[in-house]
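Structural characterization, general
Here is how the chains run, residue by residue.
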Amino acid sequence: MRGLAAKLRSLSWSLISRADRFMNRLYSSRFNPLYHSGALVVLLLLVLLLTGLYLLIFYRIGEPHASVARITDQAWLGRWIRSLHRYGSDAAVFAVAIHAFRLFAQGRSWGPRTLAWLSGLVLLFVLLVSGWTGYVMVWDVQAQLLAVEGARWMDVLPIFSEPLGRAFVGEQAIPSAFFFLNLFLHVALPVGMFVILWIHVSRIARPGLLPPRGLLWGSVGLLLALSVLWPIGMDPAADAFRIPERAALDVFYAFWLPLTRLMPAGAVWVFGLSLTAVALAAPLWTRPAAERKPKPSSVDARLCTGCEQCYLDCPYEAITMKQRKDGREGVYAVVDPALCVSCGICAASCAPMGIGPPGMTGRDQLERVEEFIRLVDPGPREVVLVGCARGAAGFETLGAGGGNGGEPSGHIPGTFDGSRIFQVPCAGNVHTSVIEYLVRAGVGGVLVVACHPRDCWSREGPRWLEERMYHDREAELKERVDRNRLRVFHAAVGEDRELAGALADFRESIRRLAAAEAEAEIDIELECEVPELQEAGS
Amino acid sequence: MSRLRVGLGVLVALLMTLAIGALSQVPYRAESADQAWIRLSWRVSAPRIEECRTLTAEELAELPIHMRREEVCEGTGIPYRLHIALNGEGVEETLIRGAGTRGDRPIYVFRELRVEPGAHRLEISLTPEIARDMATGDAEMETLELAEDLDLAAGDVALITRTAGGSLTVRRAEP
């Protein structure tokens, strides 16, 4: 099962990383919509909430189709808002699908992330059911097909003494209570979605709930333009005495309809429940084997100064500060292993190197970099890459979930375009002492290759890296380290061309720096004194 | 960013937006309107038949105090036989029992027949199926029957249901 899951993940990751590269080239990593799929869902839910409030004012449960037709006939606001509501909901399903697929491909669906995975699935389910009720509200041909199909599924369950489907055959007028219940669900479910959304992000310290402004207005603007230029029309009203021959089907919400109508209701339940069970069980079948599972961070209380930086930096709120009990005053950090994803960001935020997952603490990194220098012995003009395992300079981009991303001891480091790579599990895990060590060891330059900030598998690695390198965030890179010999570059898997360009540029910069230093070393006075001495001698 | 890249970015965004618009309203042919449907949908409150007997003093003594009822009744709803014939040919012959674990919930009929458009002779009967040894007492037994000539156009749905008076009737789309 794990082998199959790994293959599936590998394939998914290959697809996603290609799409990422393409989108990065088009929109830059900052505005790549694939990096913001989760935030786009929140944005679209807000759009649905606002447009839905307007539609609610004009909707009548006593005349569902006629009232929606009246809204659609409002040539300006009503038609556009209804269309925006519809297209926004479609885009929301699309964004949720991408978000889930992305996290599955990155192996972020198990362990401490299980709650987010499960609540995300519940969100998707509620979104689909909410959409179902929305379509039934219109009570056109598509609504009739959806209602009849839903009733057919329910009728196979031994809980109703009479078939629900009889409600839709025209024996009696459909009671207003049905449309009231439907409307109630259509309003209540989205409200519930915001609660589930809160649970979904509850284990994240600083969730990015909205996309950057450009992407935000761009997305809303495009959907609005679509609504104006291609507004949603009205299908004929549902009629129990005419065969519902044709309908305009919304593939995002009713993609299953053509398939399930061919299946017996019992088979639909078996198929649907099986699919649901597989998705819900993903945290079990996507987790790595016990021996490959990364170990959570641990704290060496003797070294902890109680500065709280790891507590502030942890993207998953896995660290709390507790009162010391060892006779010393103050607090010390405690890691909750159930919340720790072993990203190692805390290791880089600790100046005394007292915290981090086994093998990833600052001290472990220093040991590794010492060995790296011994093995590689880089020259004074050589650039060393410090690369995130999941980025362009990673050896094994699918190492996530297994191992800690670092090379095994004694392993000959890999190269990129002739430069040696010192690999780390996340750029945010790189302790600044490692950079200092490399520079002081005589390396020409250090190019840290991080993932794009919104694509960090540990959420905030690149952000904290930059802060520590250039903005004096605690555990900062010391002033004595020449910043000219250091550069940070963001490149995702496969962005080799971009990385090669950045590397060439940095090499050129190091070459110029070396030339300038060589020039500065010339003792001008001595050079000038020589002729004088010669003159005096003569 | 080169102009080409910006143009390509705008183009891809437009195509994705258009794809959302297109997938939001895909023409779907759910059913063939070359046919016509006859739907049967109604319910009958099937009378309940019970056999009651008085418990002996010994039987009562064996029961806990709170369960000592002198008369116990066991019963069920009467099953009905549904017969449907279309153009003189039997289409269905089914024994229908009331829903529920005791079979005493109302009986319902919910069927759909798909037929070619044109004239059809429809005969339906729903009659109580009383076994010889069944003690029906004074229960009222309803028998429902319908024999009707239907002229159905393509795409029409005819509904066979009950009137307020309880007899079977045909309902069609209002002209």
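Residues numbered from 1 in each chain as written. Chains lettered and ligands numbered in written order. Predicted model: local features only at pLDDT ≥ 70, side-chain atom pairs only at ≥ 80, totals over all residues.

Scanning chain A from N- to C-terminus turns up 19 helices and ten strands. For chain A, the spread of C-alpha atoms along the principal axes amounts to about 125 × 55 × 45 Å. Within chain A, buried positions represent 42% of all 538 residues. Here the analysis covers contacts within chain A between residues at least 6 apart in sequence; of these, 77% occur between residues at least 24 apart. (Helix = DSSP H or I, 4+ residues; strand = E, 2+ residues; numbered from the N terminus. Buried ≥ 20, exposed ≤ 12 C-beta atoms within 10 Å, placed from the backbone. Contact = placed C-beta atoms within 7 Å.)

Quick look at the confidence of the model for chain B now. On average, chain B scores 89 in pLDDT, and the residues at 70 or more come to 94%. Of the two predicted TM-score estimates for the complex, the pTM is 0.88 and the ipTM is 0.86. (pLDDT = per-residue confidence, 0-100.)

Turning to the domain arrangement of chain A, a few remarks are in order. All names here are of chain A. By the assigned domains, chain A splits into domain 1 (2–285) and domain 2 (357–520). One C-alpha centre belongs to domain 1, the other to domain 2, and the line joining them spans 43 Å. Listed by partner, the interface residues are 14 residues for domain 1 and 13 residues for domain 2. Across the side of domain 1 that touches domain 2, the residue classes break down as three nonpolar, seven polar and four charged. (Domains from an automatic or database assignment. Nonpolar A, V, L, I, M, F, W, Y, C, P; charged D, E, K, R; others polar.)

Once that is clear, we can look at the sheet that holds strand 6 (residues 383–388) of chain A. All names here are of chain A. The strand order across the open sheet formed by five strands is 7-8-6-9-10, and the pairing between neighbours is mixed. Each having just a single partner strand, strand 7 (415–416) and strand 10 (486–490) make up the two edges of the open sheet. Pairing of strand 6 with strand 8 (residues 419–424) involves four bridges; the strand directions are parallel. By the bridge assignment for strand 8, valine 386 is matched with phenylalanine 422. (Pairing = 2+ DSSP bridges.)

Along any regular strand the residues' side chains alternate between the sheet's two faces. All names here are of chain B. In terms of strand pairing, strand 2 (residues 36–44) meets strand 10 (residues 157–162) through four bridges, oriented parallel. Among the inter-strand pairings, tryptophan 37 is bridged to a residue of strand 10, identified as valine 157. Summarising the sheet, strand 10 and strand 11 (residues 168–171) pair through four bridges and their orientation is antiparallel. What sits directly across from arginine 162, in strand 11, is leucine 168. If you look at the hairpin formed by strand 10 and strand 11, you'll find five residues sitting between the two strands, and glycine 166 has a positive phi there, around 105 degrees.

With 35 residues of chain B at the contact, the number on the chain A side is 37 residues. A total of nine residues in the side of chain B that touches chain A trace back to one element, the largest contributor, which is helix 1 (residues 3–23) of chain B. Taken together, the residues of the side of chain B that touches chain A break down into 17 nonpolar, ten polar and eight charged. Bridge count for strand 1 (residues 246–249) of chain A against strand 1 (residues 26–29) of chain B is four bridges, and the pairing is antiparallel. If you follow alanine 248 of chain A over to strand 1 of chain B, its bridge partner there is proline 27 of chain B.

Residues and elements named next belong to chain A. Judged by how many residues are buried, strand 9 (residues 445–450) sits mostly within the fold: six of six residues are covered. Of the two faces of strand 9, both are covered, the one formed by Gly445, Leu447 and Val449 as well as the one formed by Val446, Val448 and Ala450. By the bridge criterion, five bridges tie strand 6 to strand 9 in an arrangement that is parallel. When the sheet's bridge partners are listed, valine 383 is paired in strand 9 with glycine 445. After leaving strand 9, the chain enters helix 17 (residues 461–470) and then returns to the sheet as strand 10, a path that is right-handed. (Right-handed = clockwise from strand over helix to strand, strands pointing away.)

This brings us to the environment of glutamate 476 of chain A. All names here are of chain A. Here glutamate 476 lies in the loop between helix 17 and strand 10. On the basis of neighbour count, glutamate 476 is assigned to the partly exposed category, with 15 C-beta atoms found within 10 Å. Sequence separation between glutamate 476 and tryptophan 464 is twelve residues, and the spatial gap between their C-alpha atoms is 9.9 Å. Once you skip the residues sitting within four places of it in the chain, glutamate 476 turns out to touch Thr432 and Arg468.

What follows covers the sheet that holds strand 10 of chain B. Residue and element names in this part refer to chain B. Read across the sheet, four strands follow the order 7-2-10-11 without closing on themselves; strand pairing throughout is mixed. Only two strands of the sheet have a single partner each, and these edge strands are strand 7 (107–115) and strand 11. Along the sheet, successive strands turn relative to each other by an average axial angle of 15 degrees, direction set aside. (Axes fitted to C-alpha atoms, helices over the stretch in contact; angles between N-to-C directions.)

On to the confidence of the model for chain A, then. For chain A, per-residue confidence averages 91 on the pLDDT scale, and residues scoring 70 or more make up 93% of the total. Low pLDDT, under 50, characterises residues 396–410 of chain A; the predicted model gives this stretch 36 contacts beyond four residues in sequence or across chains.

What follows is about the packing of helix 5 (residues 114–138) of chain A against helix 7 (residues 176–200) of chain A. Packed helix pairs are characterised by how far apart their axes lie and by the angle those axes make with each other. Residues and elements named next belong to chain A. Between helix 5 and helix 7, whose axes approach to 9 Å, the crossing angle comes to 165 degrees. Taken together, helix 5 and helix 7 sit at an angle that is classed as roughly antiparallel. The handedness of the crossing between helix 5 and helix 7 is left-handed. In the contact of helix 5 with helix 7, the residues fall into 16 nonpolar, nine polar and no charged. (Parallel < 35°, antiparallel > 145°, perpendicular 65-115°, else oblique. Left-handed = near helix turned anticlockwise from the far one by under 90°.)

Residue and element names in this part refer to chain A. Checked against the element boundaries, alanine 100 lands in helix 4 (residues 77–105). Classification of alanine 100 by C-beta neighbours within 10 Å gives buried; the count is 20. C-alpha separation for the pair alanine 100 and valine 341, spaced 241 residues apart in sequence, amounts to 18 Å. Residues within four places of alanine 100 in sequence aside, it is in contact with Gly120 and Leu124.

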